[in-house]
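Working through the structure, step by step
As a plain string of letters, each chain reads:
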Amino acid sequence: MSNRQKWDSGLNFVHATYMGPKPGDFPVGSLQSRAAARAIVAFHQEEARKVEEDALAIFAPSERASVQAVIEDVDNPLVRIWIIRLTRLARERGIVYE
């Protein structure tokens, strides 16, 4: 059971809820609603960056550089985090089966 909890804890893409103004709080198409939508997108991008940095933290600097080289052209943050997780899994399996 503890292994499942360990894996489930890292599957959330965004760990926090955006608490600022939402586009629905303003008239449709207004500058305020568009600004609120941009703020939400920026918030989610920042959260994705933090999750990615946390996932990269376990790698040694040389390994981190090689993983970052692989994911630098990937635009989708979910794909980026899964590449990091699969690389980490391969690293752990390599240690176990050496």
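In what follows, the accompanying structure is described. (Residues numbered from 1 in each chain as written. Predicted model: local features only at pLDDT ≥ 70, side-chain atom pairs only at ≥ 80, totals over all residues. Heavy atoms only, no water.)

**Details of the overall build of the chain**
Scanning the chain for helices and strands turns up four helices and zero strands. The N-to-C order of helical and strand elements in the chain reads α-α-α-α. Burial status across the chain gives 18% buried among its 98 residues. At a minimum sequence separation of 6, the contacts of the chain that also span at least 24 residues come to 52%. Surface accessibility of the chain: about 7,300 Å² in total, with carbon and sulfur atoms responsible for 58%. (Helix = DSSP H or I, 4+ residues; strand = E, 2+ residues; numbered from the N terminus. Buried < 20%, exposed > 50% of the residue type's maximum accessible area, 1.4 Å probe, protein only. Contact = heavy atoms within 4.5 Å. Areas by Shrake-Rupley, 256 points an atom, 1.4 Å probe, with all protein chains shown as cover.)

**Some details on helix H2 (residues 31-56)**
Here H2 is 26 residues long and its end C-alpha atoms lie 37 Å apart, about the 38 Å a rise of 1.5 Å per residue gives. Taken as a whole, H2 has its buried residues at Ser33, Ala36, Ile40, Glu47, Ala48, Val51, Glu52, Ala55 and Leu56. Lining the buried residues of H2 we find helix H3 (61-71) and helix H4 (77-96). (Expected span 1.5 Å × (residues − 1).)

**Here we look at the packing of H2 against H4**
Orientation of H2 relative to H4, taken along the N-to-C sense of each, is 10 degrees, at an axis distance of 10 Å. In terms of orientation, H2 and H4 fall into the roughly parallel class. Residue-level inspection shows Ala48, Val51, Glu52, Ala55 and Leu56 of H2 in contact with H4, the latter providing Pro77, Arg80, Ile81, Ile84 and Arg88. In the contact of H2 with H4, the residues fall into seven nonpolar, no polar and three charged. (Axes fitted to C-alpha atoms, helices over the stretch in contact; angles between N-to-C directions. Parallel < 35°, antiparallel > 145°, perpendicular 65-115°, else oblique. Nonpolar A, V, L, I, M, F, W, Y, C, P; charged D, E, K, R; others polar.)

**Description of the nonpolar core**
In summary, soluble globular proteins display a tendency toward joint burial of nonpolar side chains. Within the largest apolar cluster, eight residues are counted, these being Val51, Ala55, Leu56, Phe59, Val67, Ile71, Ile81 and Ile84. Counting only elements with at least two residues in this core, the list comes to H2, H3 and H4. When residues of this core are assigned to their parent elements, the largest contribution, three residues, is made by H2. When sequence neighbours within four positions are dropped, the list of residues in contact with Val67 reads Leu56, Phe59, Ile84 and Thr87. (Core = buried A, V, L, I, M, F, W, Y, C linked by side-chain atoms within 4.5 Å.)

**Describing a nonpolar patch on the surface**
Taken together, Leu78, Trp82 and Leu86 make up a surface patch of nonpolar side chains, about 300 Å² in accessible area. Its place among the elements puts Leu78 in helix H4. (Patch = residues over 30% accessible without salt bridge, like charges linked within 9 Å, V, L, I, M, F, W, Y side chains within 5 Å. Salt bridge = Lys/Arg side-chain N within 4 Å of Asp/Glu carboxyl O.)

**Comments concerning the packing of H3 against H4**
Between H3 and H4, the least distance of the axes is 10 Å, while the angle of their chain directions is 140 degrees. The pairing of H3 with H4 is recorded here as oblique in orientation. Crossing of H3 over H4 shows right-handed handedness. Contacts between H3 and H4 involve Glu63, Val67, Val70 and Ile71 from the first element and Arg80, Ile83, Ile84, Thr87 and Arg91 from the second. (Left-handed = near helix turned anticlockwise from the far one by under 90°.)

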